[in-house]
Amino acid sequence: AWGANTMRTEFAFLTGLKYPDLGLYRYYPYQYLHRHSISSLASVLKSLGYHCVCIHPHPASFFGRDRIFPKMGFDGFIDIQEFDSKATFGPYISDQAVTKKIKDFTESFTKVSPDKPLFIFAITMENHGPLHLEKTTSAEQQSYFSDLPLNDANDLAVYLRHLKNADQMIADLTEYYSQQSQSHSLCFYGDHIPSMPKIYAQLGYQDDHSDYFIWQNDASIVASDKPMSLDLNADE
């Protein structure tokens with residue numbers, strides 16, 4: 001997906017359904033669930049005894065998630081009402097605030113239900129865009145590049161500004177879960193590449209792939225010491 005359609009990647013990740021199988025619903029896949037009952041990653045995990053919750057610093061009603069996510073097997077939805085409205089970086093709630101919410105929920109849930117497994121599906125907002133809502137100085141732009149042969153690099157600099165915070169989120173979560181005695185897995189993926197048409201035009205950039213990784217804190221359940229690299233669709 002180019003520069004939009006968060007819900008398409010999200011739906012594919014959670015359900016495993018492929019775009020061609022959805023027909024016209026592929027453009028607004030959550031509408032599919034108004035007519036069809038399907039299993040999802042959350043419903044499968046719930047059947048295995050997991051408590052499943054979504055954390056998203058945006059109104060739960062957006063995309064109809066407040067109605068759809070319970071049908072997908074989620075037990076709870078922590079939306080923007082449970083975040084400090086001042087905990088922003090740029091226009092939106094920061095990745096740091098989402099990280100804290102994940103940690104806090106993990107801590108509180110584990111105290112109450114120490115033997116029950118937990119699935120948290122977090123949807124961040126900090127690097128959402130539109131990127132042109134923020135401005136960068138020439139000095140900040142230069143700090144991200146050894147060479148800057150681009151015209152109008154503001155949007156790319158804004159994206160990289162927030163990407164640093166996503167990197168910090170990953171570092172904080174892996175450090176936190178590394179210290180836990182229970183086994184934890186973390187999957188982190190990009191729902192789509194950002195909307196930067198001027199930059200892409202200058203660079204002739206046409207790759208629509210985004211990155212993901214799966215990390216585990218328990219080395220005993222890792223099949224190999226060497227990380228595997230696989231190109232996958234979100235529905236795989």
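This is a predicted model, so every value here is computed, not measured.

Participant: Tell me what's going on with the packing of helix α4 (residues 95–112) against helix α6 (residues 154–178), and back it up with residues and numbers.
Facilitator: The contact between α4 and α6 brings their axes to 9 Å, and the two run at 20 degrees. Judged by the inter-axis angle, α4 sits roughly parallel to α6. α6 is crossed by α4, and the crossing has right-handed handedness. Packed against α4, whose contacting residues are D95, V98, T99, I102, K103, T106 and E107, the element α6 presents H162, N165, A166, M169, D172, L173, Y176 and Y177 at the interface.

Participant: Would you mind going over the side chain of S94 in detail, with residue names and values included?
Facilitator: You can see S94 is positioned in the loop between β4 (92–93) and α4. A distance of 3.0 Å separates a polar atom in the side chain of S94 from the backbone nitrogen of A97. Beyond its immediate stretch of four places on either side in the chain, S94 contacts A87, T88, F89 and E126.

Participant: Please provide a residue-by-residue account of the pattern of salt bridges, values included.
Facilitator: Taken as a whole and judged by the stated rule, the model has seven salt bridges. For D104, the salt bridge is made with K100, and the minimal N-O distance between the two is 2.7 Å. Linking D104 with K100, this pair stays in helix α4, spanning four residues, or about one helical turn. Salt bridges sharing partners connect three or more residues here, namely E134, E140 and R161.

Participant: Mind laying out the sheet that holds strand β2 (residues 76–78), listing which residues take part and the relevant values?
Facilitator: Read across the sheet, three strands follow the order β2-β1-β5 without closing on themselves; strand pairing throughout is parallel. Only two strands of the sheet have a single neighbouring strand rather than two, namely β2 and β5 (118–122). Pairwise comparison of adjacent strand axes, ignoring direction, gives a mean angle of 20 degrees for this sheet. Alignment of strand β1 (residues 51–55) against β2, held across three bridges, turns out to be parallel. Residue pairing across strands places C54 opposite F77, the latter belonging to β2. Its contacts with the sheet put α4 on β1, β2 and β5, and the angle it makes with β5 is roughly 165 degrees.

The rules behind each value
- Residues numbered from 1 in each chain as written.
- Predicted model: local features only at pLDDT ≥ 70, side-chain atom pairs only at ≥ 80, totals over all residues.
- Heavy atoms only, no water.
- Axes fitted to C-alpha atoms, helices over the stretch in contact; angles between N-to-C directions.
- Helix = DSSP H or I, 4+ residues; strand = E, 2+ residues; numbered from the N terminus.
- Parallel < 35°, antiparallel > 145°, perpendicular 65-115°, else oblique.
- Left-handed = near helix turned anticlockwise from the far one by under 90°.
- Contact = heavy atoms within 4.5 Å.
- Polar contact = N/O pair within 3.5 Å; in protein donor to acceptor, adjacent residues only side chain to side chain.
- Salt bridge = Lys/Arg side-chain N within 4 Å of Asp/Glu carboxyl O.
- Pairing = 2+ DSSP bridges.

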